[in-house]
Amino acid sequence: MSFDLQGFPADSEALASLAARGLDYRLVDTADAAATSAWVEADFRGFHHARPRQIDLDYDRGLLAERRVHGVYDRAILEPAIPVATVSSWPTGLSVPGGRSVDAWAVSSVTVSPTHRRRGIARALMLAELQNARAAGAALAMLTATEATIYGRYGYAPAARAATVFVDRRRVHWVGPDAPGRVQFVDGAAIREIAPGIARRAVARTPGEIDRWPALLDRVLGLFDPDSERSRARRVVRYDDERGQAQGFAVFHVTRPPNEPGVAEFDFLAAATDDAERALWRFLIEQDFVSGTRGLLRSIDEPLPWLLEDPRAVTFSEVVDHLWLRMIDPIAALAARRYSAPGRLVIEVDDPMGIAGGRFELVVDDSGRAEVTALDQSDAAASARGVRRIGLGVRELGAIYLGGVHPSVLARAGRITERSRGSIAAADAMFAAQRTPHLSIWF
Ligand SMILES: CC(C)(COP(=O)(O)OP(=O)(O)OC[C@H]1O[C@@H](n2cnc3c(N)ncnc32)[C@H](O)[C@@H]1OP(=O)(O)O)[C@@H](O)C(=O)NCCC(=O)NCCS
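Residue indices follow the written sequence of each chain, beginning from 1 at its first position. Since the coordinates come from a predicted model, pLDDT governs what is reported: local features require at least 70, and pairs of side-chain atoms require 80 or more to be given and counted, while whole-chain, interface and lining totals use all residues. For side-chain calculations, the full set of non-hydrogen atoms in the structure is used, while hydrogens and water are omitted.

**Q** Give me the lowdown on the overall build of the chain, citing residues and values where you can.
**A** From N to C terminus, the chain includes 14 helices and 17 strands. Split into buried and exposed, the 443 residues of the chain put 52% on the buried side. Restricting to contacts in the chain with at least 6 residues of sequence separation, those with at least 24 account for 73%. Summed over all atoms, the accessible surface of the chain reaches about 20200 Å², with 49% contributed by carbon and sulfur. Secondary structure elements follow DSSP: runs of H or I of four or more residues count as helices, runs of E of two or more count as strands, with numbering from the N terminus. Relative accessibility decides the category of a residue: with a 1.4 Å probe and only protein chains considered, values under 20% of the type maximum give buried, values over 50% give exposed, and everything between is partly exposed. Contact between two residues is taken to exist if any of their heavy atoms lie within 4.5 Å; hydrogens are not considered. In this description, accessible areas are obtained by the Shrake-Rupley approach with a 1.4 Å probe, and a residue is regarded as covered only by the protein chains that are shown.

Pasting the structure below:
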């Protein structure tokens, strides 16, 4: 998805609604170091982080050069160069069932200063991002959320969950197959060149994962601020297959109180093959002098318990709604993924914001490929004559899109309507994903 980030002006509606409140809404020129640093200051403050150091400002400026960055400014405050609200966004790929990637619009860094909260600033920014997503030609907008109550009102819904996985070291007895290759320690810098390729292949295997950006890998591998405690604690291991080809890597650190076994914790595991996934898990949970291993933002459907003699060695906690999706272009989005059952289904979507509403016919062939067409009113009679139909809101469509939420569950919650007999069961079968959707990073 190639797209000129600075190629169109700031959204005129947000501009007008914020101007009416005496505020300036601006597209930040990321080549302007002072303006970008001031924006980063506001972003850090908004998320309650400590003030950024020079090295943080430099890192974020590099990252923001690849994004569309907006700030809201109040000329009447003591520090008018620091925005009172921030948002950044960029076009990127989202993996969907069937191994393809759909063009999506990632939204991040949504903050409003506590001095300016609850005046509708976030609302103006979020509505503008939906227009940006449209202008970029994205099929969906997406984000990860600090609080689950913020984004539903803009049409977003949770579509892929994540959990913390803890493995009790004393109960680990591996009974799964041995991977034929080997795991070895590697320096973060030494793996940097091949890391994007492995990460890309890992992302493609799992619906809900999004493309990794270069600065993220620098941070994960401990190459950003390498002398910090955090970076120095990071250990990188790589899995090479039996032919010596690198197929995965994981980054972990051990937290340890004095004179006691520690906990091995990891927040990044990229596996391009099942062997790599098993081998890295095994390495991470079979450490000595640790009481256990904690994996952050792991899948709620990890195969791990099935690889151990004692499946209760594994506990899942902090199961969170992690990836939130907002349909922008249902035809492009629905056509991008593969389906688990053939069939014909009419989806009647209500979008109060007038972006993704309409009636869409999904015809899935035996290979799981879909043809999607928008129906107009004259097709109403045809679809009423026996074609399976469901009615749902734009949020519900986002929730079921990746296969992580069954349409029947939303029907039981009164959020999807069965407009013809058998249509919910058909939707369940069609939308099911072979692999549980999962997102393993924050963005
Ligand atoms: C979340 C945040 C950006 C909201 O900013 P804001 O300008 O106060 O929000 P708005 O005034 O535009 O509110 C719009 C609506 O969202 C609701 N809302 C805003 N923040 C909310 C929150 N944290 N929880 C629940 N509802 C919230 C408002 O009540 C309002 O509801 P309405 O549509 O019924 O009128 C702001 O609270 C913030 O910066 N939080 C800390 C950083 C953060 O968590 N950002 C989110 C990153 S994912």
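Now that the structure has been shown, the text picks up again.
**Q** So what about the domain arrangement of the chain? Which residues, and what values?
**A** What counts as a domain boundary in this text is fixed by an automatic or database domain assignment. You can read the domains of the chain as domain 1 (12-138), domain 2 (163-323) and domain 3 (328-431). The distance between the C-alpha centroids of domain 2 and domain 3 comes to 37 Å.

**Q** Explain the packing of aromatic side chains residue by residue, including any values.
**A** Describing an aromatic ring pair means giving the distance of the ring centres and the angle of the ring planes. By convention, a stacked pair of Phe, Tyr or Trp rings (six-membered ring in the case of Trp) has centres within 6.5 Å and planes under 30 degrees apart, an edge-to-face pair has planes over 60 apart, and any other such pair is tilted. Enumeration according to the criterion identifies ten aromatic pairs in this entry. Each ring, one from Trp 90 and one from Trp 213, has its centre 5.5 Å from the other, and the planes form 75°; the classification is edge-to-face. Taken as a pair, Trp 90 in strand β3 (residues 85-95) and Trp 213 in the loop between α6 (195-205) and α7 (214-220) lie far apart in primary sequence, 123 residues in all. The exposure class assigned to Trp 90 is buried, which follows from its relative accessible area of 7%. Taken together, the ring pairs connect Trp 90, Trp 213 and Phe 443 into an aromatic cluster. Sitting over a ring, as applied to charges here, requires NZ of Lys or CZ of Arg to be within 6 Å of the ring centre and within 35 degrees of the ring normal. Over the aromatic face of Trp 213 sits the side chain of Arg 67, whose NZ or CZ is 5.1 Å from the ring centroid. Over the ring of Tyr 339 we find Arg 337; its NZ or CZ atom is 4.4 Å from the centre of that ring.

**Q** Can you explain the site of the ligand? Please cite residues and give values.
**A** Not every one of the 21 residues close to the ligand is listed here, only the nearest: Val 110, Arg 118, Gly 120, Arg 123 and Thr 146. Any N or O atom pair separated by 3.5 Å or less is treated as a polar contact, with the protein-specific requirement of one donor-capable and one acceptor-capable atom, and with residues adjacent in sequence counted only for side-chain atom pairs. Arg 119 is positioned with one of its backbone polar atoms (N or O) 3.3 Å from an oxygen atom of the ligand. At 2.8 Å, a backbone N or O of Gly 120 approaches an oxygen atom of the ligand. Here the ligand loses 76% of its free accessible area of 890 Å² to cover by the protein chains. Polar here means any residue other than Ala, Val, Leu, Ile, Met, Phe, Trp, Tyr, Cys and Pro, which are nonpolar, and Asp, Glu, Lys and Arg, which are charged; Gly is therefore polar. Split by residue class, the shell around the ligand holds nine nonpolar, six polar and six charged. If a single non-hydrogen atom of a residue is within 4 Å of a molecule or strand, that residue counts as near it.

**Q** Give a description of the sheet that holds strand β15 (residues 370-375) that names residues and reports values.
**A** Two strands are counted as paired when DSSP detects at least two bridges linking them. The strand order across the open sheet built from five strands is β15-β14-β13-β16-β17, with neighbouring strands paired in mixed fashion. Among the strands making up the open sheet, the edge pair consists of β15 and β17 (416-418). Taking each pair of neighbouring strands and ignoring which way they run, the sheet shows an average axis angle of 25°. As judged from the seven bridges shared by strand β13 (residues 343-350) and strand β14 (residues 358-364), these two strands associate in the antiparallel manner. Counted as the bridge partner of Glu 348 is Arg 359 from β14. Between the N-to-C directions of two axes lies an angle of 0 to 180 degrees, each axis being a line fitted to C-alpha atoms and, for a helix, fitted only over the stretch in contact. The strands touched by helix α12 (residues 394-401) are β13, β16 (388-393) and β17; relative to β16, the strand with the most contacts, the crossing angle is about 110°. Packed on one face of the sheet, helix α14 (residues 423-431) meets β13, β14, β16 and β17 and runs near 100° to β13.

**Q** Give me a positive patch on the surface: which residues, what numbers.
**A** Patches here are clusters of residues that have more than 30% relative accessible area and form no salt bridge, with a 9 Å joining cutoff for like charges and a 5 Å cutoff for nonpolar side chains (Val, Leu, Ile, Met, Phe, Trp, Tyr). Criterion for a salt bridge: a side-chain nitrogen of Lys or Arg within 4 Å of a carboxyl oxygen of Asp or Glu. Positive charges are assigned to Lys and Arg, negative charges to Asp and Glu, while His and the chain termini are left out of the count. By convention, the charge on Lys lies at NZ, on Arg at CZ, on Asp at CG and on Glu at CD. On the surface, Arg 117, Arg 118, Arg 123 and Arg 153 cluster together into a patch of positive charge. What makes Arg 117 partly exposed here is its relative accessible area of 47%.

**Q** Lay out the environment of Val 346 with the relevant residues and their values.
**A** Tracing the backbone shows Val 346 in strand β13. Val 346 sits 42 residues away from Arg 388 along the chain, and the two C-alpha atoms are 6.1 Å apart.

**Q** Kindly report on the sheet that holds strand β8 (residues 235-240), identifying the contributing residues and their values.
**A** Taking strand neighbours across the sheet as the criterion, the twelve strands line up as β1-β2-β3-β4-β5-β12-β6-β11-β10-β9-β8-β7 in an open arrangement whose pairing is mixed. The strands lining the two open edges of the sheet, one partner per strand, are β1 (24-27) and β7 (182-186). On average, each strand axis in the sheet is tilted by 25° relative to the strand beside it, whichever way the strands run. Both strand β4 (residues 101-112) and strand β5 (residues 140-143) contribute to a ladder of three bridges, which runs parallel.

**Q** Quick rundown of the pattern of salt bridges? Include the residues and the values.
**A** Oppositely charged side chains can pair when the atoms bearing their charge come close. In the structure shown here, the tally under the stated rule is 27 salt bridges. Close ionic contact of Asp 310 with Arg 171 constitutes a salt bridge, the shortest N to O distance being 2.8 Å. Remark: Arg 171 occurs in the loop between β6 (157-168) and β7 and Asp 310 occurs in the loop between β11 (290-298) and β12 (314-327); sequence separation between them is 139 residues. Residue Asp 310 is classed as partly exposed on the basis of its relative accessible area of 21%. Relative accessible area serves as the criterion here: at 36%, Arg 171 is assigned to the partly exposed category. Ionic pairing is found between Asp 267 and Arg 234, a salt bridge with its closest N-O pair at 3.2 Å. One end of the pair, Asp 267, is in strand β10 (residues 262-271); the other, Arg 234, is in the loop between α8 (229-233) and β8, and 33 residues separate them in sequence.

**Q** An account of the nonpolar core is needed here, citing residue identities and associated values.
**A** If you look at the biggest cluster of nonpolar residues, it comprises 105 residues, and the most contacted ones within it are Tyr 156, Phe 249, Ile 347, Leu 362 and Tyr 401. With seven residues, helix α4 (residues 121-135) is the single largest residue contributor to this core. Residues grouped as a nonpolar core are buried Ala, Val, Leu, Ile, Met, Phe, Trp, Tyr and Cys residues, joined through side-chain atoms within 4.5 Å. Judged by nonpolar contacts, the second largest core, of 24 residues, contains Val 167, Phe 266, Ala 271 and Leu 307.

**Q** Lay out the side chain of Arg 68 with the relevant residues and their values.
**A** Tracing the sequence through the fold places Arg 68 in strand β2 (residues 68-73). Glu 129 provides the closest opposite charge to the buried, unpaired Arg 68, separated from it by 6.0 Å. A polar atom in the side chain of Arg 68 sits 2.9 Å from the backbone oxygen of Phe 8. Only 3.1 Å separates the side chain of Arg 68 from the backbone oxygen of Pro 9, close enough to count as a polar contact. In contact with Arg 68, other than residues within four places in its own chain, are Leu 5, Gln 6, Phe 8, Pro 9, Ala 10, Leu 27, Val 87, Ser 88, Ser 89, Trp 105 and Asn 132.

**Q** Help me get a handle on unusual backbone geometry, residues and values and all.
**A** The residue Asp 225 is not glycine, and still its phi comes out positive at about 50°. By the element assignment, Asp 225 lies in the loop between α7 and α8. For Glu 318, which is not glycine, the phi dihedral falls at a positive 45°. Within the fold, Glu 318 resides in strand β12.

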